Amino acid sequence: MGTEISTMEILKTTEVANSPLGVGSNISGSEAVLKAMIAENVQTIFGYPGGAIMPIYDALYDYQNELNHILVRHEQGAIHAAQGFARSSGKVGVVFATSGPGATNLVTGLADAMIDSTPLVCITGQVFAHLLGTDAFQETDVINITTPVTKWNYQITDANEIPHVLAKAFYIAKTGRPGPVLIDITKNAQIQKFDYAGYTKCEHIRSYRPKPIVRKEYIVEAAKLINEAKKPFVIFGQGVILGKAEKEFKKFIEKGGLPAAWTILGMSAIATDHPLAVGMLGMHGNYGPNVLTNECDVLIAIGMRFDDRVTGRLDKYAKQAKIVHLDIDPSEIDKNVKTTVPVWGDCKETLPLLTELIEQKEHKEWLNKFNEFTQKEIDAVIHEELNPSTDILTMGEVIKTVNELTNGDAIIVTDVGQHQMVTCRYAKYNQSRSNITSGGLGTMGFALPAAIGAKFGAQERTVVAVIGDGGFQMTLQELGTVMQSKIDIKILILNNEFLGMVRQWQELFNDRRYSFVDITSPDFVQVAKGYYIDGQRISKREELKDAVNKMLQHKGSYLLEVMVGKENNVFPMVPQGCSVSEIRLS
Amino acid sequence: MNKQEYTITVYTENQVGLLNRIAIIFSRRKINIESLNVSPSESESIHRFTIVINETEDVVRKLCRQIEKQVEVLKAYYNTNEEIIWQEMALYKVPTDIIAEKVKVERLLHQHGARAVVIRKDYTIFETTGHREETEGLIKALEPYGLIEFVRSARVAIIKASNGFHEKLKEFEQKEPGEELIENEFLDKQEEVFTM
Ligand SMILES: Cc1ncc(C[n+]2csc(CCOP(=O)(O)OP(=O)(O)O)c2C)c(N)n1
């Protein structure tokens, strides 16, 4: 640290402390930051110290009873943990990081949180204000680097700004369509003493309207379409969960007898075995929901954004259907798919209004059609995946075993790749906020830190992190965080000895030219052991149930590595550039 | 849909970094900004961006929604050239001796609505204000006389149908927005379905 704190900085520190600004003041900027956290009911902070954020860490030393700071092993780990926390708890995730490399290490997580609408407040330290723009030690232009990947960001150079800027930060992060906010605080502002007048939560920013007043005309029009529909189909995303509208949503589909399919982020908003739950949309989603998107007459999209992994080829997407789109973010309406009736608003408000106007219906025949497709999918894919006829273990049967032993009560955090798609295809959930994954960004390395955060956000629940052998090696340093925080998470590595998802594409679309997907791994069980985390590796079906059970029953964290088929593929699949109705079963 | 010139008018808070936030919405889609002007507006503390791009209406509408989504943006409008009154200002530097020799110069400048801002022994600076064709027309006219330097300002534009922003601003000030603010002109443009 010697180089980080120059004598000049120390001089400056005393200078600031004795400056006129210090006269008559009572607390430091750093303390005001922590007071803001307490006022916002923050209990857990994920962070990593460094030169430019040292004053905040120094203040934190006296606040250890009020604030639980989790020391991660890499700032990317901190932000993914905060994302996992936010996703499992519905609260704002908080991150502390230092300037320069500490801040740039947050960028992947910010991009991930931005595209997946995850509420975060990240505090980064910054060099002294008088050094801004001088290429000072560990100075990076964090505000400009993070502008495209934050909902809002702001640099504080004067401690007086801290209370109201942080109040704004929390308000912006969690209201409307949530997202990550980054506040960069120069070191002088952290040190500066100022007249602290208390903390007032922000409730209004004149240039920011998180949600509109709902216009009933649109509701009426939407209800009319739904009531006239013979083949209505609901597709929903994370908006239902973010809007905390799971109950309202359930009532809506139940009254209308509306079959409903989820995007990867909408998953678990309703129980996966609900009679109207017809499965997952998208590239590796279920057969029926994809094909029938192009057969329904009214498509009701709720809190989802028609991502290209969901729509496939846009010019052949649901062309026959009238489209009702409920979203809180007007920039999503008509962005990818032209809407017939836009219902702009918070679905917690719009859904009950809509439910009131729709007729009680069943749509039995139409729902049957989904079941027919499900049967076809079972015959072609699912049965073999879950009950393989060869000795080689499949990812699907591992997830099936997890389902059986957790009764669908666990939070499952997935990384990115084949194991993610398989888990989302086969996992059973009976409560919301159970499926945590990096959807929009597809960030490998997400799962381990996110699982740590998810556990802090929902301590009473079992958290299972399902991770590939590739992705685990991206952030496995966070085993150190697991060790030190003594958190209890279950790490389930599905090892196919390949970067499986890329290998699958190379097999299907690049004539099996396996270019750099053959990845070797360390002995993961030994690695875990090095962190005092128990575990075992299995490769036989006979061992599976006991091993998963042992993992779940184990007191404290546990790593189970399951060797699965090396060249298994995930099907069905909508190949890139194809229409959803061209979904392949093999 | 055909590309054409659109003028985007954005009302914002006065905030460091907002220019970048708005600019990257265009650069992200690899759209070139033809002209950009930042100025105060009739409402104190509210800034007004005037941005000109050449795009299809569909893209312009999406851009406006994404601009309006920024926390410090109050409102974004887009208009065709027919819907606005707009001007650009240009400055031209020419050698004084050549200009003085030619008698027709006076008439030429008069024709183009130009006026001399500075006349020195060595050079003279003229100014005109008008549409692109007008300011460009004078370049052509001055070229034979040795145009030394030329510069044109960004476009400033007034929306013909606008009643100004102060009334709207009052609505924004309120925690519970009134009727004024629940309208969304983008959504209202869904004429095929129903209009209000
Ligand atoms: C940070 C990052 N780099 C690269 C990719 C591209 N990518 C997507 S899936 C995948 C393979 C993942 O392999 P593994 O973690 O072993 O999981 P599997 O697909 O085998 O289940 C890769 C490389 C990515 N999504 N994220």
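In this text, all values refer to a predicted model and were calculated from it rather than measured experimentally.

Undergrad: I tried to follow the site of the ligand on my own but got confused; where do I start?
TA: Residue and element names in this part refer to chain A. In the region of the ligand, 18 residues are neighbours, and Gln 418, His 419, Gly 471, Asn 496 and Gly 500 sit closest. Measuring from an oxygen atom of the ligand, one finds a side-chain N or O atom of Asn 496 at 2.8 Å. Secondary-structure elements contributing two or more residues to the shell around the ligand are helix H18 (418–426), helix H20 (469–475) and helix H22 (500–509). If one sorts the elements of the shell around the ligand by residue count, H20 sits on top with four residues. Considered class by class, the residues forming the shell around the ligand number eight nonpolar, nine polar and one charged.

Undergrad: What's the story with the side chain of Glu248(A) in this structure? I'm lost.
TA: Residues and elements named next belong to chain A. The residue Glu 248 is located in helix H12 (residues 246–256) in this model. Side chain to side chain, Glu 248 and Lys 348 meet in a polar contact 3.1 Å long. Excluding its chain neighbours within four sequence positions, the residues that come into contact with Glu 248 are Lys 348, Leu 351, Pro 352 and Thr 355.

Undergrad: Got a minute to help me understand the interface of chain A and chain B in this structure?
TA: By a widespread convention, an interface's size corresponds to the accessible area lost as its parts come together. Taken together, the contact between chain A and chain B spans 34 residues of the former and 33 residues of the latter. Together chain A and chain B conceal approximately 3300 Å² of surface at their shared face, both sides included; 51% is due to carbon and sulfur atoms. For chain A, the biggest contributors to the area lost against chain B are Arg206(A), Ser207(A) and Arg209(A); these three give 24% of the whole. Taken together, the connections running from chain A to chain B amount to five salt bridges. We note a salt bridge from Asp334(A) to Arg65(B), for which the minimum N-O separation is 3.9 Å. Remark: the boundary between chain A and chain B carries 17 residue pairs in polar contact (both at pLDDT 80 or more). For the side of chain A that touches chain B, the secondary-structure elements that each account for two or more residues are strand E6 (152–156), helix H8 (162–174), helix H10 (216–228) and strand E14 (341–344) of chain A. Partitioning the side of chain A that touches chain B into residue classes produces twelve nonpolar, nine polar and 13 charged.

Undergrad: Explain the packing of aromatic side chains to me, please; I cannot follow it from the model alone.
TA: A ring pair, where both rings are aromatic, is described by two values, the distance of the centres and the angle of the planes. Taken as a whole and judged by the stated rule, the model has 20 aromatic pairs over all chains. Considering the side-chain rings of Trp505(A) and Phe509(A), the 5.7 Å spacing of their centres and the 80° angle between planes classify their relative orientation as edge-to-face. Taken together, the positions of Trp505(A) and Phe509(A), both in helix H22 and four residues apart, correspond to about one turn of that helix. Trp505(A) gets classed as partly exposed once you look at its relative accessible area, which sits at 22%. Chaining the aromatic ring pairs together yields one cluster made of Tyr11(B), Tyr77(B), Phe165(B) and Phe172(B). It is Lys93(B) that lies over the ring of Tyr123(B); its NZ or CZ is 4.6 Å from the centre.

Undergrad: Where do I start with the domain arrangement of chain A in this structure?
TA: Residues and elements named next belong to chain A. The domain boundaries assigned to chain A delineate domain 1 (7–201), domain 2 (216–370) and domain 3 (387–563). Its C-alpha centre places domain 2 at a distance of 30 Å from the equivalent point of domain 3. In this assembly, 18 residues from domain 2 lie in contact with 19 residues from domain 3. Carbon and sulfur atoms supply 58% of the area that domain 2 and domain 3 bury against each other, a total of about 1500 Å² over both sides. Counting across the interface, domain 2 meets domain 3 through zero salt bridges. Viewed at the interface, domain 3 and domain 2 are joined by nine residue pairs in polar contact (both at pLDDT 80 or more). Tallied by class, residues from the side of domain 2 that touches domain 3 come to nine nonpolar, five polar and four charged.

Undergrad: Explanation requested: the pattern of salt bridges in the structure shown.
TA: Opposite charge on two side chains makes pairing possible when the charged atoms of those side chains draw close. Under the criterion given, the structure shown has 43 salt bridges over all chains. The salt bridge partner of Arg541(A) is Glu397(A), with a shortest N-O separation of 2.8 Å. Of this pair, Arg541(A) sits in helix H24 (residues 541–553) while Glu397(A) sits in helix H17 (residues 395–406), and the two are 144 residues apart along the sequence. Exposure remark for Glu397(A): the relative accessible area of 5% places this residue in the buried category. One salt bridge connects Lys75(B) with Glu68(B), and the closest N-O pair in it is separated by 3.7 Å. Given the relative accessible area of 16%, Glu68(B) is considered buried. One network of salt bridges, in which partners are shared, links Glu5(B), Glu88(B), Arg132(B), Glu136(B), Arg152(B) and Arg155(B).

The rules we used
Residues numbered from 1 in each chain as written. Chains lettered and ligands numbered in written order. Predicted model: local features only at pLDDT ≥ 70, side-chain atom pairs only at ≥ 80, totals over all residues. Heavy atoms only, no water. Near = heavy atom within 4 Å. Polar contact = N/O pair within 3.5 Å; in protein donor to acceptor, adjacent residues only side chain to side chain. Helix = DSSP H or I, 4+ residues; strand = E, 2+ residues; numbered from the N terminus. Nonpolar A, V, L, I, M, F, W, Y, C, P; charged D, E, K, R; others polar. Contact = heavy atoms within 4.5 Å. Buried area = accessible area lost by both parts, 1.4 Å probe. Salt bridge = Lys/Arg side-chain N within 4 Å of Asp/Glu carboxyl O. Phe/Tyr/Trp six-rings, centres within 6.5 Å; stacked < 30°, edge-to-face > 60°. Buried < 20%, exposed > 50% of the residue type's maximum accessible area, 1.4 Å probe, protein only. Lys NZ or Arg CZ within 6 Å of the ring centre and 35° of its normal. Domains from an automatic or database assignment.

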